[in-house]
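Survey of secondary and tertiary structure
Read off the chains here:
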Amino acid sequence: MRIEPATRLSGELSVPGDKSISHRYALFGAMAEGQTAISNFSSSADCHSTLHCIEELGVQVNVKGSSVTIQSPGWQGLRAPSRQLDAGNSGTTIRMLSALLAAQPFETVIAGDASLNRRPMERIVTPLTRMGASIETAEGGLPPLKIRGGGLHGIRYDLPVASAQVKSCVLLAGLMAEGETTVVERIQTRDHTERALPIFGAPFRQNGTDLSVKGPSRLTGATVRVVGDVSSAIFFVVAALLVRDSSIMLQGIGANPSRTGLLELLLESGANIHRLETTVASGEPVSDLRVSYDPGLLARFPNVVEGDVIPNLIDEIPILAVLGTQLEQGLAVRDASELRKKESDRIHSVVSNLRNLGVMVEEFQDGFRIPGKQKIRGGQVKTYGDHRIAMAFAVAGLISEEGVSLDDPDCAAVSFPAFYKCLDSLHH
Ligand code: S3P
C-alpha cells in the first residue's frame, strides 16, 4: 500500500471502542453470572480473539456490529474447551484470560500467533503459580501455556514490571482465590480494571499503591458502554497537527489520565487541541477533540520523554517518534525497554523504519534519540506485522517528501480495521 504526502486533513471522525476496555468488559462478562450487554465494543481483531476464547469456555456470545451480548454461568460454571485456545496477536487476551484459566479445575492450553508466541509470559506465570496454579510453558517462559488450575489462594504481589496486564491478571485471579489478594503498583499503569470491577459487583479497594480484592467473589452481569480508543485516535491527532492547514474533530475519545500521557504532553505544550466537555461512560471519562495544524508546537514540545510517564503513553511511542522527527530540537525517549516486548520489538521497528525513510536516529536499549528537525524522505516501511508500526508510519508517509509503501498494511486490523478508510475520509 502507498501512502502519499497529504496536503490537508479535515472532517469529523469517531474511532472504534477502546481495545483495553473492551477486553476487560468481555472477560468480566464471562466471569459474571447472567447477561452482560456491551455497546461500542472494539472492532479490533484482538478483542474478537477474546470473544472467541470465552465462547470455547461455554459462554454465549452474540455480536451485532459493535453491540456484544454475553450470557455466562459465571466463572464457577465454565467448561473445559475442546481444543487449544487461540489468543491470536493479543497479549491482553492471553495474560488476562490465564487468570480465569488458573481458577478452573480442568486443564487448558492457550497460545497465539508467531508474534505472541515470542512474548514473555513468566511475568504472569510467577504470580499465578504462587497463588496455587500449575502452569507449563514452552522454553524460556513462552506460550503455549498449559494451565491446570483450581484451589487458588490470595497473595501480596509487588509488581516487578509496570504492566496493566500483569496487574489485572493477579487481581482477577484474586477474585477467584481464597482470601485477600493485594497488588502493589508503584508506577501507575492503565486503571481500566479497577474502574470496571465495581460495575460487575466485584469488591475492589485501593489504599495508596495497594490494590486489593477479596475472594472467592461472585460477579454479576452488567450493561456497559466502551469509550472511543485514544490509542487509535492519537494517529489522527498527530497527523492533523503536522499536515499543513488541517483541522479535524474526533468524537467520543477516552480521556482516562492513565492512558492520555501523550495527549497531556501535547496539551501542556499548548498544542492546537481543544478538549471539549468531558462526560463519563461506565466510569471512564470521554471527550471530543478538535485538532488543527500547529507548526509552533515543534519548538514547544518537550525534547525528552522518560520516567514514570512512559506507561501512560507506552502504545503511543511509535507515533511519538514520528512527531519527534519534526521537533526543532529533536526527541529522546528513555526508560521504555518494555517496548522491546510488544507485538514487535518496537524500538527496533521504529529505528529501522525511520532510517529506511532517511531519518537519522540513535538506538538505545531503552529508547532512541532523534536529532533536530529532519525531512522524512519516504520509502519502504516494514511493519513487522505490528499494527501500531503500520499506522504510525502511514502518518509518516503523509508528511514525507515522496510517500511511503507499507509491506503489510492489513496488520492494522489488530486494533483498527477501518484505519485507512478513516484516513481517506479526511482527505478532501
Ligand atoms: C494493555 C496494557 C499494556 C499495553 C497493551 C494493552 C492492557 O501492556 O501495551 O497494548 O490492556 O492492559 P502491558 O501491560 O504489558 O504494559
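Predicted, not measured: the structure shown is a model, and the values here were computed from it.

1. Digging into empty space enclosed by the protein
- Taken as a whole, this structure holds one cavity of 30 Å³ or more when the rule is applied.
- Size it by volume and the largest cavity reaches roughly 30 Å³.
- Lining the largest cavity are Asp18, Ile21, His192, Val227, Val230, Gly254, Ala255, Asn256, Arg259 and Glu284.
- Residues belonging to the lining of the largest cavity are distributed by class as follows: four nonpolar, three polar and three charged.

2. What about the site of the ligand?
- As a matter of local geometry, the ligand sits amid Ser20, Arg24, Thr92, Arg95, Ala162, Ser163, Ala164, Gln165, Arg190, Ile314, Asp315 and Lys342.
- Residue serine 163 places a side-chain N or O atom 2.7 Å away from an oxygen atom belonging to the ligand.
- Take aspartate 315: an N or O atom from its side chain is 2.7 Å from an oxygen atom of the ligand.
- In isolation the ligand exposes 380 Å². Once the protein is present, 94% of that is buried.
- At a threshold of 2 Å from the grid points, most atoms of the ligand map onto the largest pocket.
- When residues of the shell around the ligand are traced back to their parent elements, those giving at least two are α1 (19-31), α3 (91-102) and α5 (164-175).
- Of the residues that constitute the shell around the ligand, the class distribution is three nonpolar, four polar and five charged.
- Two domains each donate at least three residues to the shell around the ligand, and these are domain 1 (2-16 + 227-426) and domain 2 (19-225).

3. Description of the sheet that holds strand β13 (residues 210-215)
- What the four strands build is an open sheet, ordered β10-β11-β13-β12; its pairing is mixed. Two strands bound the open sheet, and with one partner strand each, they are β10 (156-158) and β12 (204-207). Taking each pair of neighbouring strands and ignoring which way they run, the sheet shows an average axis angle of 20°.
- Where β12 meets β13, four bridges bridge the pair, whose relative direction is antiparallel. Paired with asparagine 207 across the bridge in β13 is aspartate 210.
- α5 rests against β10, β11 (179-184), β12 and β13 of the sheet, and its axis sits at about 30° to β13.

4. Some details on the sheet that holds strand β24 (residues 404-406)
- The three strands lie next to each other as β1-β24-β23, forming an open sheet whose pairing is mixed. Looking at strand neighbours, the two that pair on one side only are β1 (2-3) and β23 (379-381), the edges of this open sheet.
- Note that β23 and β24 share three bridges and pair parallel. Looking at the pairing, glycine 379 lines up with valine 404 of β24.
- Its contacts with the sheet place helix α12 (residues 387-398) against β1, β23 and β24, and it is angled at close to 160° to β24.

5. Here's the deal with the layout of surface pockets
- Its boundaries defined by the atoms lining it, the largest pocket holds a volume of some 670 Å³.
- Forming the boundary of the largest pocket are 43 residues, of which Ala162, Ser163, Ala164, Ile314 and Lys342 lie nearest the centre.
- Elements with a minimum of two residues in the lining of the largest pocket: α1, α3 and α5.
- Looking at the lining of the largest pocket element by element, the count peaks at four residues for α1.
- For the lining of the largest pocket, a count of residues per class yields ten nonpolar, eleven polar and 22 charged.
- Counting contributing residues per domain, the lining of the largest pocket is built from domain 1 (2-16 + 227-426) and domain 2 (19-225), each supplying no fewer than three.
- By volume, the second largest pocket is sized at about 430 Å³.
- In terms of lining residues, the second largest pocket is bounded by 20 residues, among which Leu242, Arg244, Gln326, Lys373 and Ile399 are the most central.
- Classifying every residue of the lining of the second largest pocket gives eleven nonpolar, four polar and five charged.

6. A short note on the packing of helix α10 (residues 317-324) against α12
- Two elements in contact, α10 and α12, have axes separated by 8 Å at closest approach and are oriented at 20°. On the basis of the axis angle, α10 is roughly parallel to α12. Regarding α10 and α12, the two cross each other, and that crossing is right-handed. Where α10 approaches α12, its residues Pro318, Ile319 and Val322 are matched on the opposing element by Arg388, Ile389, Ala392, Val395 and Ala396.

7. Side note on the pattern of salt bridges
- Here the structure, examined in full by the defined rule, presents 26 salt bridges.
- Between glutamate 194 and lysine 167 there is a salt bridge, and its shortest N-O distance comes to 2.7 Å. Separated by 27 residues along the polypeptide, glutamate 194 in helix α6 (residues 192-196) and lysine 167 in helix α5 bring together distant segments of the chain. In this pair, the class of glutamate 194 matches that of lysine 167, namely buried.
- For the salt bridge of arginine 346 with glutamate 343, the shortest nitrogen-to-oxygen distance reads 3.0 Å. As far as the burial class goes, arginine 346 and glutamate 343 line up, both buried.
- Each of Arg190, Asp315, Glu343, Arg346, Asp386 and Arg388 takes part in salt bridges that share partners, so that together they form one network.

8. Examining the packing of aromatic side chains
- Per the stated rule, a full pass over the model turns up seven aromatic pairs.
- On the numbers, 6.2 Å between centres and 40° between planes, the contact of tyrosine 25 with phenylalanine 200 is tilted. Separated by 175 residues along the polypeptide, tyrosine 25 in helix α1 and phenylalanine 200 in the loop between α6 and β12 bring together distant segments of the chain. Just as tyrosine 25 is buried, phenylalanine 200 falls in that class too.
- Plain terms: the ring middles of phenylalanine 28 and phenylalanine 200 are 5.7 Å apart, the flat faces sit at 80° to each other, and that makes the pair edge-to-face. Linking phenylalanine 28 in helix α1 with phenylalanine 200 in the loop between α6 and β12, this pair joins segments that are 172 residues apart in sequence. Per residue, the accessibility class of phenylalanine 28 equals that of phenylalanine 200, and both read buried.

The rules behind each value
Residues numbered from 1 in each chain as written. Predicted model: local features only at pLDDT ≥ 70, side-chain atom pairs only at ≥ 80, totals over all residues. Heavy atoms only, no water. 1 Å grid on protein atoms, 1.4 Å probe; cavity = no way out; pocket = protein on both sides within 12 Å on 5 of 7 lines; lining within 4 Å. Points joined across faces, edges and corners; volume = space filled by probe spheres on them. Nonpolar A, V, L, I, M, F, W, Y, C, P; charged D, E, K, R; others polar. Near = heavy atom within 4 Å. Polar contact = N/O pair within 3.5 Å; in protein donor to acceptor, adjacent residues only side chain to side chain. Areas by Shrake-Rupley, 256 points an atom, 1.4 Å probe, with all protein chains shown as cover. Sits in = over half its atoms within 2 Å of the grid points. Helix = DSSP H or I, 4+ residues; strand = E, 2+ residues; numbered from the N terminus. Domains from an automatic or database assignment. Pairing = 2+ DSSP bridges. Axes fitted to C-alpha atoms, helices over the stretch in contact; angles between N-to-C directions. Contact = heavy atoms within 4.5 Å. Parallel < 35°, antiparallel > 145°, perpendicular 65-115°, else oblique. Left-handed = near helix turned anticlockwise from the far one by under 90°. Salt bridge = Lys/Arg side-chain N within 4 Å of Asp/Glu carboxyl O. Buried < 20%, exposed > 50% of the residue type's maximum accessible area, 1.4 Å probe, protein only. Phe/Tyr/Trp six-rings, centres within 6.5 Å; stacked < 30°, edge-to-face > 60°.

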